[in-house]
Amino acid sequence: MIVTTKQLFAHAYGKYAIGAYNINNLEQCMGLFQGNIQSKAPFIVQISKGARSYTHKKMLEAMLKTADEIFPEAIFAIHLDHGDEETCMDCIRSGVYSSVMIDASDRPLNENIAITRRVVKAAHARGLVVEAELGVLKGVEEHVAAEEHVFTDPAEAERFVKETGCDSLACAIGTSHGAYKFKGEQKLRFDILEEIQRRLPGFPLVMHGSSSVPEEEVRRINAHGGKLEGTKGVDENCFAKAATLGVTKVNIDTDGRLVWTRVHREYFAQHPENFDLRPIGKVFMAEYAKFIQHKNVKLGSAGQVNNVREFLAKNP
Ligand code: G3H
Ligand code: 13P
Ligand code: ZN
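Summary of the structure given here.

Reading guide: rules and limits
- Residues numbered from 1 in each chain as written.
- Chains lettered and ligands numbered in written order.
- Predicted model: local features only at pLDDT ≥ 70, side-chain atom pairs only at ≥ 80, totals over all residues.
- Heavy atoms only, no water.
- Helix = DSSP H or I, 4+ residues; strand = E, 2+ residues; numbered from the N terminus.
- Rg over C-alpha atoms; globule rule 2.2 N^0.38 Å.
- Buried < 20%, exposed > 50% of the residue type's maximum accessible area, 1.4 Å probe, protein only.
- Contact = heavy atoms within 4.5 Å.
- Areas by Shrake-Rupley, 256 points an atom, 1.4 Å probe, with all protein chains shown as cover.
- Lys, Arg positive; Asp, Glu negative; His and termini not counted.
- Charge placed at Lys NZ, Arg CZ, Asp CG, Glu CD.
- Pairing = 2+ DSSP bridges.
- Right-handed = clockwise from strand over helix to strand, strands pointing away.
- Near = heavy atom within 4 Å.
- Polar contact = N/O pair within 3.5 Å; in protein donor to acceptor, adjacent residues only side chain to side chain.

1. A short note on the overall build of the protein chain
Alright, step 1. Check the secondary structure of the protein chain and you find 13 helices and 10 strands.
Alright, step 2. Taking 316 residues into account, the globule formula puts the C-alpha radius of gyration at 20 Å, and the protein chain, at 19 Å, falls close to it.
Alright, step 3. Considering only C-alpha atoms, the protein chain reaches an extent of 60 × 45 × 35 Å along its principal axes.
Alright, step 4. Of all 316 residues assigned to the protein chain, the portion counted as buried reaches 54%.
Alright, step 5. Excluding contacts between residues fewer than 6 apart, the proportion of contacts in the protein chain whose partners are at least 24 apart in sequence is 78%.
Alright, step 6. Of the roughly 13900 Å² of accessible surface on the protein chain, a fraction of 53% belongs to carbon and sulfur atoms.
Alright, step 7. Distance from the positive charge centre (39 side chains) to the negative charge centre (41 side chains) of the protein chain: 2 Å.

Printed below as a string of structure tokens:
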């Protein structure tokens, strides 16, 4: 069942976070649905601009509509990740997405507010919800690139949410996209989340750049010809604390890419005679599903589907 993130966040707020997983192809899609169904977790499918242009945006949309049909037990939102205004409008018109993210975080505050307001107006008119971003994560996120973190200012966040009418807010607290998040110790600014929660009680917050980049995954990749050096991710044991501070959505992409890389490197090293894509595809889908189940346990979303279903029945 395709739902909006608003409904999912209302159930999760203060108790657990929902996994928002980026996918690009059929194998990820199958593994994602199977993993979430096996762990009875509500979830968010994230489609980036890059994913939309990798094959064709309509291919992904058709795949997700079909997934809804073949997996009636799944409760999920279909969300555009890091959209610009034009892509948001396209997704709003598509009739497939239930949620979009407008990322104008590289623009001056007033411009970010104006762009976000336009997207909110168009999205709400069609029953979609909007995630916006304030503050900038270090690194590259689609059309936004930054040398250093610009942490979210809680006072600005309060004004931004009130003036834009957005439904959730991505906050910059020291995470970044990709496999190289920290040099040395992880330093996350939970104090910023605390202050935003004080100013905006009950308002759903989003943590981007939340892959944990497991050492064991990187070791296995490197043991089979990979060359990933100096990687560092977010400690996944911090999600429970983040959830109590209003984080209802945790974005994970890189860890899924690592699963893909590890599975393919190991499989072809162990089966050098193989040139068939289906045996490896099957291994990947199963491994991806296992990875999703593990994340959902860390996020606290595992086992929540029946409660969400009950909640939706009472709050249609
Ligand atoms: O924010 C970045 C996400 O991980 C999506 O990555 O733009 O390469 O699809 P992508
Ligand atoms: P990671 O690169 O840490 O997986 O972050 C993904 C993300 O924030 C997508 O929007
Ligand atoms: Zn992101």
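2. Notes on the side chain of S99
Alright, step 1. With respect to the helices, strands and loops of the structure, S99 is situated in strand β4 (residues 99-102).
Alright, step 2. With residues up to four places along the chain from it excluded, the contact list for S99 reads T5, I78, H79, L80, L128 and V129.

3. Things to note about the pairing of strand β5 (residues 129-134)
Alright, step 1. Of all the 6 residues making up β5, 6 are buried; the element is thus mostly covered by neighbouring parts of the structure.
Alright, step 2. On β5, burial covers both faces: V129, E131 and E133 on one face and V130, A132 and L134 on the other are all buried.
Alright, step 3. In terms of strand pairing, β4 meets β5 through 4 bridges, oriented parallel. Across the sheet, I102 pairs through a bridge with A132, a residue of β5.
Alright, step 4. Each parallel crossover has a hand, and the one from β4 via helix α6 (residues 109-125) to β5 is right-handed.
Alright, step 5. Across 4 bridges, the pairing between β5 and strand β8 (residues 168-171) is parallel.

4. Let's talk about the site of ligand 2
Alright, step 1. Around ligand 2 sit 15 residues in total, of which D81, K181, S211, D253 and T254 are the nearest.
Alright, step 2. In this structure, an oxygen atom belonging to ligand 2 sits 3.0 Å away from a side-chain N or O atom of N251.
Alright, step 3. Contact with the protein chains covers 97% of the free accessible surface of ligand 2, which is 310 Å².
Alright, step 4. Put simply, the parts of the chain that give the shell around ligand 2 at least two residues each are β3 (76-83) and β10 (247-252).

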